[in-house]
Amino acid sequence: DAGVIQSPRHEVTEMGQEVTLRCKPISGHDYLFWYRQTMMRGLELLIYFNNNVPIDDSGMPEDRFSAKMPNASFSTLKIQPSEPRDSAVYFCASRRTGDNYGYTFGSGTRLTVV
Amino acid sequence: QKEVEQDPGPLSVPEGAIVSLNCTYSNSAFQYFMWYRQYSRKGPELLMYTYSSGNKEDGRFTAQVDKSSKYISLFIRDSQPSDSATYLCAMSGPTGGFKTIFGAGTRLFVKA
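These lines cover the structure that appears in this document, whether it is placed above or below. (Residues numbered from 1 in each chain as written. Chains lettered and ligands numbered in written order. Predicted model: local features only at pLDDT ≥ 70, side-chain atom pairs only at ≥ 80, totals over all residues. Heavy atoms only, no water.)

**Regarding the side chain of A:His29**
Residue and element names in this part refer to chain A. Within the element layout of this structure, His-29 appears in the loop between β3 (19–24) and β4 (31–38). Taking relative accessible area as the criterion, His-29 reaches 12% and is therefore assigned buried. At 2.8 Å, the side chain of His-29 forms a polar contact with the side chain of Ser-94. At a separation of 3.3 Å, a polar atom in the side chain of His-29 contacts the main-chain amide nitrogen of Arg-95. Excluding its chain neighbours within four sequence positions, the residues that come into contact with His-29 are Ser-94, Arg-95, Arg-96 and Thr-104. (Helix = DSSP H or I, 4+ residues; strand = E, 2+ residues; numbered from the N terminus. Buried < 20%, exposed > 50% of the residue type's maximum accessible area, 1.4 Å probe, protein only. Polar contact = N/O pair within 3.5 Å; in protein donor to acceptor, adjacent residues only side chain to side chain. Contact = heavy atoms within 4.5 Å.)

**Details of the sheet that holds strand β3 (residues 19–25) of chain B**
Each strand in a sheet pairs with another by means of backbone hydrogen bonds, the pair being arranged parallel or else antiparallel. Residues and elements named next belong to chain B. On the basis of which strands lie adjacent, the open sheet formed by five strands has the order β1-β3-β8-β7-β6 and antiparallel pairing. Edge strands, defined here as strands with exactly one partner in the open sheet, are β1 (4–6) and β6 (54–58). Here the average twist between neighbouring strands, direction ignored, is 15°. For β6 and strand β7 (residues 61–66), the ladder comprises five bridges, and the chain directions are antiparallel. Looking at β7, one finds that Asn-55 is bridged to Gln-64. (Pairing = 2+ DSSP bridges. Axes fitted to C-alpha atoms, helices over the stretch in contact; angles between N-to-C directions.)

**A word on the sheet that holds β3(A)**
Residues and elements named next belong to chain A. Pairing is antiparallel in the open sheet, where four strands are placed in the order β1-β3-β8-β7. Looking at the sheet topology across the chains shown, the edges are occupied by β1 (5–7) and β7 (65–71). For this sheet, the mean angle separating the axes of adjacent strands, direction not counted, is 15°. Here three bridges tie β1 to β3, and the two strands are oriented antiparallel to one another. By the bridge assignment for β3, Ser-7 is matched with Arg-22.

**A look at the side chain of B:Gln6**
Residue and element names in this part refer to chain B. Tracing the sequence through the fold places Gln-6 in strand β1. Classification of Gln-6 as buried rests on a relative accessible area of 7%. Here Tyr-87 takes part through its backbone oxygen, which lies 2.7 Å from a polar atom of the side chain of Gln-6. There is a polar contact of 3.3 Å between the side chain of Gln-6 and the backbone nitrogen of Cys-89. When residues no more than four places from it in sequence are discounted, the contact partners of Gln-6 are Asn-22, Cys-23, Trp-35, Tyr-87, Leu-88, Cys-89, Gly-103, Ala-104, Gly-105 and Thr-106.

**With respect to the pattern of salt bridges**
Oppositely charged side chains can pair when the atoms bearing their charge come close. All names here are of chain A. Applying the stated criterion to the full structure yields 13 salt bridges over all chains. A salt bridge links Arg-64 to Glu-62; the shortest N-O distance between them is 2.8 Å. One salt bridge in this structure joins Asp-86 and Arg-64, with 2.7 Å as the shortest N-O distance. Linking Asp-86 in the loop between β8 (74–79) and β9 (88–95) with Arg-64 in the loop between β6 (53–56) and β7, this pair joins segments that are 22 residues apart in sequence. Judged on exposure class, the residue Asp-86 and its partner Arg-64 are both buried. (Salt bridge = Lys/Arg side-chain N within 4 Å of Asp/Glu carboxyl O.)

**A few points about the interface of chain A and chain B**
Listed by partner, the interface residues are 19 residues for chain A and 18 residues for chain B. When the area that chain A buries against chain B is broken down by residue, the three leading residues are A:Asn100, A:Tyr101 and A:Tyr103, summing to 36%. Viewed at the interface, chain B and chain A are joined by one salt bridge. In this structure, B:Lys99 and A:Asp56 form a salt bridge, with 2.8 Å as the shortest nitrogen-oxygen distance. Remark: the boundary between chain A and chain B carries five residue pairs in polar contact (both at pLDDT 80 or more). Looking at the side of chain A that touches chain B, the elements with two or more residues in it are β4, β5 (42–50) and β9 of chain A. Taken together, the residues of the side of chain A that touches chain B sort by class into eight nonpolar, seven polar and four charged. (Buried area = accessible area lost by both parts, 1.4 Å probe. Nonpolar A, V, L, I, M, F, W, Y, C, P; charged D, E, K, R; others polar.)

**Comments concerning the environment of B:Gln1**
You can see B:Gln1 is positioned in the segment before β1. Sequence spacing of B:Gln1 and B:Tyr25 is 24 residues, and the spatial spacing of their C-alpha atoms is 9.6 Å.

The quantities given are spatial measurements derived from coordinates; they are silent on function.
The following block contains the structure:
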């Protein structure tokens, strides 16, 4: 398996622009998670899906952030409009039901908003 | 107070040293205790996990959980320069659908 695939690897955008991050989970994994990592706050859970349905979005910082999972093999995290404080590494992770002990992470998208 | 506390370091040790990494937590409902390793500019990868209390050994790595003290540890024996990375503790439990909570991560440098 190719693992969790994220794109793009790097994104530099201007404040106010829309940013879309993409994730392909491991086939057969029915949970998908979006995390954000910064030096100050560490790894923060933004939202997670089970069987393509959003279960908990309490970590989404504000209405500028939205996430979708239209099918089992694809998810997007969108920021509109982007702000410099959104600069971080965004990770997608997936797991199967019953694998309560760990996720497989993607390589992340490093977002810089200038 | 954060649910999971971890000293961010950095921790610098000579090659061959025994390394001890630790986390404390506040939620007694946690059942699964994990350690992830994250190399620079990479995603975290699961290193070891333990269910409930006790010890688990895998090669040079030993994970310990003390639920009575709400304290977990990762020991690395005969540390190698290739062990240089950030180590994140993580925990999950039945509340919140086994949502995993991560520590801040400890940066480890092993000097050759």
